[in-house]
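One letter stands for each residue in the lines below.
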Amino acid sequence: MNWILLIIGGLFETGFATCLGKAQETTGRESYLWWAGFVVSLFLSMFLLYKAISVGAQPIPIGTAYAVWTGIGAVGAALMGVFVFNEPATFWRMFFVFTLIASVVGLKVVSN
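Student: I would appreciate a short explanation of helix α4 (residues 91–110) in the present structure.
Tutor: The periodicity of an α-helix, 3.6 residues per turn, causes residues three or four positions apart to be oriented the same way. Between the first and last C-alpha of α4 there are 29 Å, a value that for 20 residues agrees with the 28 Å anticipated at 1.5 Å per step. In the core, the buried residues of α4 are packed alongside α3 (62–83).

So this is what it looks like as structure tokens:
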């Protein structure tokens, strides 16, 4: 269950990064809505990280949890950059995104 909380928290980290980018691109009321999404996503992301490291019979070690949480957020932000913000999807960029994914999966596999 803690791993599910951590993964969802990582997805909310992607959400707050995306909301931050959209808030900077917009003005007026739309910008305030993106800022509100940023604050909500930030809170939920941090709360779920906290729950994953402190609740249940087997809490996830903080080093592993933080690395996985930021890895999910980094991969998600990079992919959102490509798909939402029209950033270039170069070979090397995608290579390192997949390397990061492999590292996050590796941390999950070797964690007790």
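Student: In this structure, what is going on with the pattern of salt bridges? I would like to understand it.
Tutor: A pair can form between side chains of opposite charge whenever their charged atoms are brought close. In the structure shown here, the tally under the stated rule is two salt bridges. Its salt-bridge partner being K22, residue E25 comes within 3.7 Å of it at the nearest N-O pair. On the criterion of helical spacing, the pair formed by E25 and K22 is a turn pair, its members being three residues apart in helix α1 (residues 2–25). Between R93 and E87 there is a salt bridge; the shortest N-O distance is 2.6 Å. Judged by its relative accessible area of 27%, R93 is partly exposed. Its relative accessible area of 32% is what places E87 among the partly exposed residues.

Student: Even after reading the chapter, I still don't get the side chain of S45, so can you show me in this structure?
Tutor: Here S45 is to be found in helix α2 (residues 28–54). Among the polar contacts made by the side chain of S45, one reaches the side chain of W69 at a distance of 2.9 Å.

Calculation rules
Residues numbered from 1 in each chain as written. Predicted model: local features only at pLDDT ≥ 70, side-chain atom pairs only at ≥ 80, totals over all residues. Heavy atoms only, no water. Helix = DSSP H or I, 4+ residues; strand = E, 2+ residues; numbered from the N terminus. Expected span 1.5 Å × (residues − 1). Contact = heavy atoms within 4.5 Å. Salt bridge = Lys/Arg side-chain N within 4 Å of Asp/Glu carboxyl O. Buried < 20%, exposed > 50% of the residue type's maximum accessible area, 1.4 Å probe, protein only. Polar contact = N/O pair within 3.5 Å; in protein donor to acceptor, adjacent residues only side chain to side chain.

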